[in-house]
Amino acid sequence: MSPELTPDQIMRVVAALEAAWADDNDALAALVRGGHDEQPLAVLIAEFGVSRMQTMVLIVTGISNQDGADRQEALTESEGLILHMTTVAASMVSGWAFSAGGGVQATGDLARHVLRALLSFTSDGDDPQEVQALFAHLRADALAHS
């Protein structure tokens, strides 16, 4: 698993997801340019997507609700499936990030795919209110960990 992203990196990713969702290529281009010594945005989006997908799989399987030995046992029993699913997802997303490079369009496409994957677990589609609520939740979560 990739190292955890910093709250600032998560906020940058969420801003990119929002810009991609809104088709705001100017905002996306500014985020892609980034600052000195910042990781490429596509890489951050990929790491964020993989991390969130792993979390979602644990929630969907009910493993996240368990504690201690029960959680460890559930992880061990379902490790093959979870490992396979997250490995496939990580491989795909990392490949997209690599091919995106610094391109605004490719980075926006990657962001839209990650957003769709998140929405597939959190809503019935891309209802604007639900998408905005997801962005607000992701920002609040990043701030809570800063």
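Criteria and cut-off values
- Residues numbered from 1 in each chain as written.
- Predicted model: local features only at pLDDT ≥ 70, side-chain atom pairs only at ≥ 80, totals over all residues.
- Heavy atoms only, no water.
- Core = buried A, V, L, I, M, F, W, Y, C linked by side-chain atoms within 4.5 Å.
- Buried < 20%, exposed > 50% of the residue type's maximum accessible area, 1.4 Å probe, protein only.
- Helix = DSSP H or I, 4+ residues; strand = E, 2+ residues; numbered from the N terminus.
- Expected span 1.5 Å × (residues − 1).
- Arc of directions from axis to C-beta.
- Polar contact = N/O pair within 3.5 Å; in protein donor to acceptor, adjacent residues only side chain to side chain.
- 1 Å grid on protein atoms, 1.4 Å probe; cavity = no way out; pocket = protein on both sides within 12 Å on 5 of 7 lines; lining within 4 Å.
- Points joined across faces, edges and corners; volume = space filled by probe spheres on them.
- Nonpolar A, V, L, I, M, F, W, Y, C, P; charged D, E, K, R; others polar.

## Digging into the nonpolar core
- Core analysis: the biggest nonpolar cluster contains 33 residues, and Leu 17, Ile 45 and Phe 48 have the highest contact counts within it.
- Looking at this core, the elements that each hand over two or more residues are helix H1 (7-21), helix H2 (25-33), helix H3 (41-60), helix H4 (68-100), helix H5 (104-122) and helix H6 (128-144).
- When residues in this core are grouped by element, the largest group, eight residues, is from H3.

## Some words on H6
- The terminal C-alpha atoms of H6, which comprises 17 residues, lie 24 Å apart, in line with the 24 Å expected from a rise of 1.5 Å per residue.
- Val 131, Leu 134, Phe 135, Leu 138 and Ala 142 are the residues of H6 that are buried. Down the axis, H6 shows its buried residues gathered within 95 degrees of arc, on one side only. Set apart from the buried face of H6 by more than 90 degrees, the exposed residues are Gln 129, His 137, Leu 143 and Ala 144.
- In this structure Asp 127 caps H6, since a side-chain oxygen of it lies 3.1 Å from the backbone nitrogen of Gln 129.

## Observations concerning H3
- Taking 1.5 Å per residue as the helical rise, H3 with its 20 residues ought to reach 28 Å, and the 28 Å between its terminal C-alpha atoms agrees with that figure.
- The first or second residue beyond H3 is Gly 62, which carries a positive phi of 85 degrees.

## Some thoughts on the layout of surface pockets
- Within this model, the second largest pocket holds a volume of roughly 150 Å³.
- Of all the secondary structure elements, the ones that give two or more residues to the lining of the second largest pocket are H3, H4 and H5.
- Here the lining of the second largest pocket gets five residues from one element, more than from any other, and that element is H4.
- For the lining of the second largest pocket, a count of residues per class yields nine nonpolar, two polar and no charged.

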